[in-house]
Amino acid sequence: GMNKGCIPIVSKNCGVKEILEDQIGIVYDNLDEIADKIIKIDIVKSSSLCHVISLGYTYIEMSKKYLELFGDANG
């Protein structure tokens, strides 16, 4: 979705937050935080940055990141 400019809204427990690197999107700890963060977001700037960041993460790169974060499920 980020490749098409979709701004991610993810939990602090989600692996993709590591890729966002506190640059874009909304990373929340509590659901009550989301509405206030949505109101304050610069949609045009964030959407463009989402696309730029996504270019550095192909599905292969994303798979590698998830393996680093969660380990190999096979052992």
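As the structure is a prediction and not an experimental result, all values here were calculated from the model.

Enquirer: Whenever I open this one, the overall build of the chain confuses me. Can you help?
Expert: Counting secondary structure elements, the chain contains four helices and two strands. Ordered by position from N to C terminus, the α and β elements of the chain give β-α-β-α-α-α. Looking at the 75 residues of the chain, the share that counts as buried comes to 25%. Taking the intrachain contacts of the chain between residues at least 6 apart in sequence as the baseline, contacts between residues at least 24 apart amount to 52%. Carbon and sulfur atoms make up 55% of the accessible area of the chain, which totals about 5500 Å².

Enquirer: Help me out: how do you make sense of the nonpolar core in this one?
Expert: Soluble, globular proteins show a tendency: their nonpolar side chains are buried together. Core analysis: the largest hydrophobic core is formed by seven residues, namely M2, V10, L20, I24, V27, C50 and I53. Discounting residues that sit within four places of it in the chain, I24 has contacts with M2, S46, L49, C50 and I53.

Enquirer: Would you mind showing me how to read the pattern of salt bridges here?
Expert: For the structure on display, the rule yields two salt bridges. Across the pair K37 and E33 runs a salt bridge, and its minimum N-O distance is 3.5 Å. Its relative accessible area of 27% is what places E33 among the partly exposed residues. The partner of D36 in a salt bridge is K40, with the nearest N and O atoms 3.1 Å apart. Taken together, the residues span about one helical turn, with D36 and K40 both in helix α2 (residues 34–40) at a distance of four residues.

Enquirer: What exactly am I supposed to notice about the side chain of S54 here?
Expert: Looking at the secondary structure, you find S54 in helix α3 (residues 43–54). Of the residues examined, S54 reaches a relative accessible area of 12% and is grouped as buried. Once residues lying within four places of it in the same chain are set aside, the contact partners of S54 are M2 and N3.

Enquirer: Would you mind going over a nonpolar patch on the surface with me for this structure?
Expert: Together, Y66, L69 and F70 make up an exposed nonpolar region whose accessible area comes to about 300 Å². Looking at where Y66 falls in the secondary structure, it is placed in helix α4 (residues 59–70).

Enquirer: Would you mind going over the confidence of the model for the chain with me for this structure?
Expert: Parts of the prediction with low pLDDT should not have their coordinates interpreted in detail. Model confidence for the chain is summarised by a mean pLDDT of 80, while 85% of its residues fall at 70 or above. When mean pLDDT is taken per element in the chain, α2 scores highest with 89 and helix α1 (residues 17–20) scores lowest with 68.

The rules behind these values
Residues numbered from 1 in each chain as written. Predicted model: local features only at pLDDT ≥ 70, side-chain atom pairs only at ≥ 80, totals over all residues. Heavy atoms only, no water. Helix = DSSP H or I, 4+ residues; strand = E, 2+ residues; numbered from the N terminus. Buried < 20%, exposed > 50% of the residue type's maximum accessible area, 1.4 Å probe, protein only. Contact = heavy atoms within 4.5 Å. Areas by Shrake-Rupley, 256 points an atom, 1.4 Å probe, with all protein chains shown as cover. Core = buried A, V, L, I, M, F, W, Y, C linked by side-chain atoms within 4.5 Å. Salt bridge = Lys/Arg side-chain N within 4 Å of Asp/Glu carboxyl O. Patch = residues over 30% accessible without salt bridge, like charges linked within 9 Å, V, L, I, M, F, W, Y side chains within 5 Å. pLDDT = per-residue confidence, 0-100.

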